[in-house]
Amino acid sequence: TFHVPMRGPLALVLAAALLYLTVSLLLGLFISGVTRNQFQASQVALLASFLPATVLSGFMFDLRNMPAAVQFIGQLMPATHFMGVMKTLFLAGADSAATQAAIARGMATLAAYALALAAWIVLQKRPPVATLAWILVLSLTPVVGLAVYAYFGPQRVQRQRLKRWHYRASLLSQHDWQALRGQ
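Residues numbered from 1 in each chain as written. Predicted model: local features only at pLDDT ≥ 70, side-chain atom pairs only at ≥ 80, totals over all residues. Heavy atoms only, no water.

Participant: Requested: an account of the overall build of the protein chain, with residues and values cited.
Facilitator: Each helix and strand counted, the protein chain has 8 helices and 0 strands in total. Scanning the protein chain from its N terminus toward the C terminus, one meets helices and strands in the order α-α-α-α-α-α-α-α. Burial analysis of the protein chain (183 residues in total) assigns 32% to the buried set. A sequence separation of at least 24 residues applies to 58% of the contacts in the protein chain between residues at least 6 apart. Accessible surface computed for the protein chain: about 12,100 Å², of which carbon and sulfur atoms make up 69%. (Helix = DSSP H or I, 4+ residues; strand = E, 2+ residues; numbered from the N terminus. Buried < 20%, exposed > 50% of the residue type's maximum accessible area, 1.4 Å probe, protein only. Contact = heavy atoms within 4.5 Å. Areas by Shrake-Rupley, 256 points an atom, 1.4 Å probe, with all protein chains shown as cover.)

Written out as C-alpha cells, the structure is:
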C-alpha cells in the first residue's frame, strides 16, 4: 500500500467521483452511438476525452507551469475542476473555510457546466435521447464538444435531408428525361 492519507470526508470524495464518472460514462455511450464501428468510437473517445482530461486537467502536469492559453483551455475542461476537488479533499481535507470554498467552487463549476449546457440544448427542441447525449458531450468536453456539436449537430441533420431531397430530385429529373427520350 502507498499510505496516501485522505483528509477529506469519504462522502464528498464519492460524490465528486460519482458526478464525474457519470458524465464520463454517458459521454462514452454518446460516442458509441454516433460512430459507425468500435475502432472509430475508440479513436473519438481517446481524442475527445482521455487525452485532454489527462494532459490539461492538472493530473500529470501542474497547469500553473503552462502557457496562459493552455491554462485557459485547461480551465474550460471539467476534468480540471474534478482534479482540483480531489487534490483538495486528499491533501487538505474539508476542515477550513478555504478548503470548503475550493471544494464547493469545483463542484459548482461541474454542476454549472451541466446546467448551462442542458438549458441551451433543451431549448433547441431535440429528441430527449439526443438532448441528453449532447448535454453530456458538451459538459464533459466543452472545447471539443462545441466543435463536435457544430459538425454533428442539428445543422448536419438538415444538410442530410437537403442532400436526400436533391438526390431524389435528380433521380426524378433523370427518370423524366429518360421517359422523354423514349417517346
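Read on for the rest.
Participant: Kindly report on the pattern of salt bridges, identifying the contributing residues and their values.
Facilitator: In total, this model carries 1 salt bridge according to the counting rule given. We note a salt bridge from Asp-62 to Arg-64, for which the minimum N-O separation is 2.7 Å. Accessibility expressed as a relative area gives 30% for Asp-62, which makes it partly exposed. On the basis of relative accessibility, which here comes to 68%, the residue Arg-64 falls in the exposed class. (Salt bridge = Lys/Arg side-chain N within 4 Å of Asp/Glu carboxyl O.)

Participant: A description of the nonpolar core should follow, citing residues and the corresponding values.
Facilitator: The nonpolar side chains of a soluble globular protein tend to be buried with one another. Ala-16, Tyr-20, Phe-82, Val-85, Met-86, Leu-89 and Ile-103 are the most contacted members of the largest nonpolar core, which totals 14 residues. Contributing elements (two or more residues each) for this core: α1 (10-34), α4 (78-92) and α5 (97-122). Here this core gets 6 residues from one element, more than from any other, and that element is α4. For Phe-82, the residues in contact, after removing those within four places along its chain, are Ala-16, Ala-17, Tyr-20 and Leu-110. (Core = buried A, V, L, I, M, F, W, Y, C linked by side-chain atoms within 4.5 Å.)

Participant: Describe a nonpolar patch on the surface, naming the residues involved and giving the relevant values.
Facilitator: Among the surface-exposed residues, Leu-46, Leu-47, Phe-50 and Leu-51 lie close enough to one another that they form a single nonpolar patch of about 380 Å² accessible area. You can see Phe-50 is positioned in helix α2 (residues 38-56). (Patch = residues over 30% accessible without salt bridge, like charges linked within 9 Å, V, L, I, M, F, W, Y side chains within 5 Å.)

Participant: Describe the environment of Pro-5, and please don't skip the residues or the numbers.
Facilitator: Locating Pro-5 in the fold gives a position in the segment before α1. A relative accessible area of 40% means that Pro-5 is categorised as partly exposed. Taking C-alpha positions, Pro-5 is 7.4 Å from Leu-91, a pair spaced 86 residues apart along the chain.

Participant: I'd like to hear about the confidence of the model for the protein chain, residue by residue, with values.
Facilitator: Chain-level statistics for the protein chain give a pLDDT mean of 76 and a share of 64% at 70 or above. Least confident of the elements in the protein chain is helix α6 (residues 128-140), whose mean pLDDT is 67; most confident is α4, at 88. (pLDDT = per-residue confidence, 0-100.)

Participant: Talk me through α4; I want residue IDs and the actual numbers.
Facilitator: When the terminal C-alpha atoms of α4 are compared, their 21 Å separation across 15 residues agrees well with the 21 Å that a helix rising 1.5 Å per residue should span. Taken together, the buried positions of α4 are Pro-78, Ala-79, Thr-80, His-81, Phe-82, Met-83, Val-85, Met-86, Thr-88 and Leu-89. Phi for Gly-93, located one or two positions after α4, is positive at around 85°. (Expected span 1.5 Å × (residues − 1).)

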